[in-house]
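Here is what each chain is made of, one letter per residue.
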Amino acid sequence: MMRASTYIMAMMLAASTVLAVPARAVEAPFEPGLLRLAEVLGSLHFLRNLCGEKGTQWRGEMEKLLQAENPSPERRARFIASFNRGYRSFDGTYTACTPSATEAIGRYMKEGEALSRDIASRYGN
């Protein structure tokens, strides 16, 4: 009898611990694509400026994405972290524009276009 009550007590404690953890919102199916798009924008921001494009066009595109999504503070932080990860992924690699940097620009431009098109066609209004 004592063993059963100890088991029940342990189960109740475990259940209360599980219930005390706030539930995470279900991630939208397009969320990974948007986060990847933010990362691509960060990469383009670094690479295009490295290769002679002066300005903030790609950071501006990121701002447009944030305005369109109007994310919660936690979600906004994930978008910004993705953008920064894209920027930093090349910041430590390239110090000058090289043929491989210009090739990367082309690949990221195509990927960003494909992501934008896919997200808009699958989930757009």
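Just so we're clear, the structure is a prediction, and the values are computed from it rather than from any experiment.

(A) Looking closely at the overall build of the chain. Secondary structure assignment for the chain yields 5 helices and 0 strands. Listing the helices and strands of the chain from first to last along the sequence gives α-α-α-α-α. Of all intrachain contacts in the chain linking residues separated by at least 6 positions in sequence, the fraction that spans at least 24 positions is 76%. As displayed, the chain offers around 8600 Å² of accessible surface, 60% of which is attributable to carbon and sulfur atoms.

(B) Geometry of helix α3 (residues 57-69). The end-to-end C-alpha distance of α3 is 18 Å, a good match for the 18 Å that 13 residues give at a rise of 1.5 Å each. All of the buried residues in α3 are Trp 58, Met 62, Leu 65 and Leu 66. When α3 is viewed along its axis, its buried side chains cluster within an angular range of 95° and face the same direction. Within α3, the exposed residues directed more than 90 degrees away from the buried face are Lys 64, Gln 67 and Ala 68. Tucked inside the fold, the buried residues of α3 contact α2 (31-50), α4 (73-91) and α5 (99-123).

(C) Representation of the side chain of Ser 82 in the model. Structurally, Ser 82 is set in helix α4. Residue Ser 82 is classed as buried on the basis of its relative accessible area of 2%. Sequence-distant contacts of Ser 82, that is, excluding residues within four places in its chain, are made with Leu 35, Ala 38 and Glu 39.

(D) Seen up close, the pattern of salt bridges. Scanning the model with the defined rule gives 11 salt bridges in all. As a salt-bridge pair, Glu 61 and Lys 64 come within 3.3 Å of each other at their nearest N and O atoms. Here the residue Glu 61 and the residue Lys 64 both occupy positions in helix α3, the gap between them amounting to 3 residues, near one helical turn. In this structure Glu 61 comes out as partly exposed when scored by relative accessible area, which is 29%. Two residues, Glu 74 and Arg 78, come together in a salt bridge whose shortest N-O distance is 3.1 Å. Taken together, the residues span about one helical turn, with Glu 74 and Arg 78 both in helix α4 at a distance of 4 residues. Note on Arg 78: relative accessible area 27%, which makes it partly exposed.

(E) Structural context of the packing of α3 against α4. The contact between α3 and α4 brings their axes to 11 Å, and the two run at 160°. Overall, the two elements α3 and α4 adopt an arrangement that is roughly antiparallel. Read as a crossing pair, α3 and α4 show a hand that is right-handed. Counted together, Trp 58, Arg 59, Met 62, Leu 65, Leu 66 and Glu 69 of α3 and Arg 75, Arg 76, Phe 79, Ile 80 and Phe 83 of α4 form the full contact between these two elements. Partitioned by chemical class, the residues of the contact of α3 with α4 number 7 nonpolar, no polar and 4 charged.

Conventions and cut-offs
- Residues numbered from 1 in each chain as written.
- Predicted model: local features only at pLDDT ≥ 70, side-chain atom pairs only at ≥ 80, totals over all residues.
- Heavy atoms only, no water.
- Helix = DSSP H or I, 4+ residues; strand = E, 2+ residues; numbered from the N terminus.
- Contact = heavy atoms within 4.5 Å.
- Areas by Shrake-Rupley, 256 points an atom, 1.4 Å probe, with all protein chains shown as cover.
- Expected span 1.5 Å × (residues − 1).
- Buried < 20%, exposed > 50% of the residue type's maximum accessible area, 1.4 Å probe, protein only.
- Arc of directions from axis to C-beta.
- Salt bridge = Lys/Arg side-chain N within 4 Å of Asp/Glu carboxyl O.
- Axes fitted to C-alpha atoms, helices over the stretch in contact; angles between N-to-C directions.
- Parallel < 35°, antiparallel > 145°, perpendicular 65-115°, else oblique.
- Left-handed = near helix turned anticlockwise from the far one by under 90°.
- Nonpolar A, V, L, I, M, F, W, Y, C, P; charged D, E, K, R; others polar.

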